[in-house]
Amino acid sequence: MKQRTQRRQRLIEQVLARRQPDFTLIIDNIFDPHNVSAILRSCDAFGVGTVHLYYSQEDFPVIGRKTSASAGKWVEQKRCSDGVRLLQQLSRQGYQIAAACLDDQSRPVTEWDLSRPTAVILGNEHRGVSPELRPYVSGSLFIPMQGMVQSLNVSVAAAVILYEGWRQRDQLGMYGQPSFDQETFEQLKQQWSEK
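Residues numbered from 1 in each chain as written. Predicted model: local features only at pLDDT ≥ 70, side-chain atom pairs only at ≥ 80, totals over all residues. Heavy atoms only, no water.

## With respect to the sheet that holds strand β5 (residues 107–108)
Read from one edge of the open sheet, 7 strands run β3-β2-β1-β6-β4-β7-β5, paired in parallel fashion. The open sheet has two edge strands, β3 (76–80) and β5, and neither has a second partner. When strand β4 (residues 96–100) meets strand β7 (residues 139–142), the two strands line up parallel, connected through 3 bridges. Note that in β7 the partner of alanine 99 across the bridge is serine 140. Its contacts with the sheet put helix α5 (residues 154–171) on β1 (23–28), β4, β6 (118–122) and β7, and the angle it makes with β1 is roughly 165°. (Pairing = 2+ DSSP bridges. Helix = DSSP H or I, 4+ residues; strand = E, 2+ residues; numbered from the N terminus. Contact = heavy atoms within 4.5 Å. Axes fitted to C-alpha atoms, helices over the stretch in contact; angles between N-to-C directions.)

## A look at the pairing of β7
Two faces make up the sheet, and in a regular strand the side chains alternate between them. Bridge count for β5 against β7 is 2 bridges, and the pairing is parallel. By the bridge assignment, proline 108 is partnered in β7 with phenylalanine 142.

## So, a nonpolar patch on the surface
A surface patch of nonpolar side chains, about 200 Å² in accessible area, is lined by Leu152, Val156 and Val160. As for its position among the elements, valine 156 is in helix α5. (Patch = residues over 30% accessible without salt bridge, like charges linked within 9 Å, V, L, I, M, F, W, Y side chains within 5 Å. Areas by Shrake-Rupley, 256 points an atom, 1.4 Å probe, with all protein chains shown as cover. Salt bridge = Lys/Arg side-chain N within 4 Å of Asp/Glu carboxyl O.)

## As for the nonpolar core
As a rule of thumb, nonpolar side chains are buried together in soluble globular proteins. Counting 28 residues, the largest nonpolar core has Leu25, Ile27, Ile30, Ile39, Cys43, Val120 and Leu122 as the members making the most contacts within it. For this core, the secondary structure elements donating two or more residues are β1, α2 (33–45), β2 (50–54), β6 and α5. Per-element accounting of this core gives the leading share, 5 residues, to α5. Setting aside residues up to four positions removed in sequence, isoleucine 30 forms contacts with Asn35, Val36, Ile39, Tyr55, Leu122, Gly123, Asn124, Glu125 and Val154. If you look at the next biggest cluster of nonpolar residues, it comprises 14 residues, including Tyr54, Cys80, Val129 and Leu133. (Core = buried A, V, L, I, M, F, W, Y, C linked by side-chain atoms within 4.5 Å. Buried < 20%, exposed > 50% of the residue type's maximum accessible area, 1.4 Å probe, protein only.)

## Examining the side chain of asparagine 124
Tracing the chain through its elements places asparagine 124 in the loop between β6 and β7. A distance of 2.8 Å separates a polar side-chain atom of asparagine 124 from the backbone nitrogen of histidine 126. Setting aside its immediate chain neighbours within four residues, asparagine 124 contacts Asp28, Asn29, Ile30, Phe31 and Glu58. (Polar contact = N/O pair within 3.5 Å; in protein donor to acceptor, adjacent residues only side chain to side chain.)

## Describing the environment of isoleucine 143
Turning to its location among the elements, isoleucine 143 is positioned in the loop between β7 and α5. In this structure isoleucine 143 touches Val109, Leu152, Ala157, Val160 and Ile161, once residues within four positions along its chain are discounted.

Have a look at this one:
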């Protein structure tokens, strides 16, 4: 039992050391809870520790434990009903804010510097990014498509964007550097140990 507890503590420390507190997603009124759960699972996999849930038109999703593989337990979900205020706060904190959508100004995700503090907005499956958020974005990004179908499921798109962020940050060694100050690290370690 003690050995299993020590192994779990080491894993918690290793995972927390790789978390990227300045890389986040804003889930904008995504109505399918399975998509939200799958996005949380990808966030955990790529070291994104916090997701903002902006819901102004849809109900807050019920996160499925099975679909998310318990990722909802390890990824902090901040609920928000004032998206403009959220984007203003993130901008003041130095985040670039990208909307995942295809428009005249969109650049491929690979042309974005995702090693900078970044928040990516993933819009509703049918309506896209909410119009009230658009004036506050730094720009828009898209995933280049090579087939006949010119879109991806939102949870798959999230995984591709998160992978690109991981790739860029990993090349710079950002997953090997401490990402939290010692006090925050110890607090999170304590919280995670109690889950």
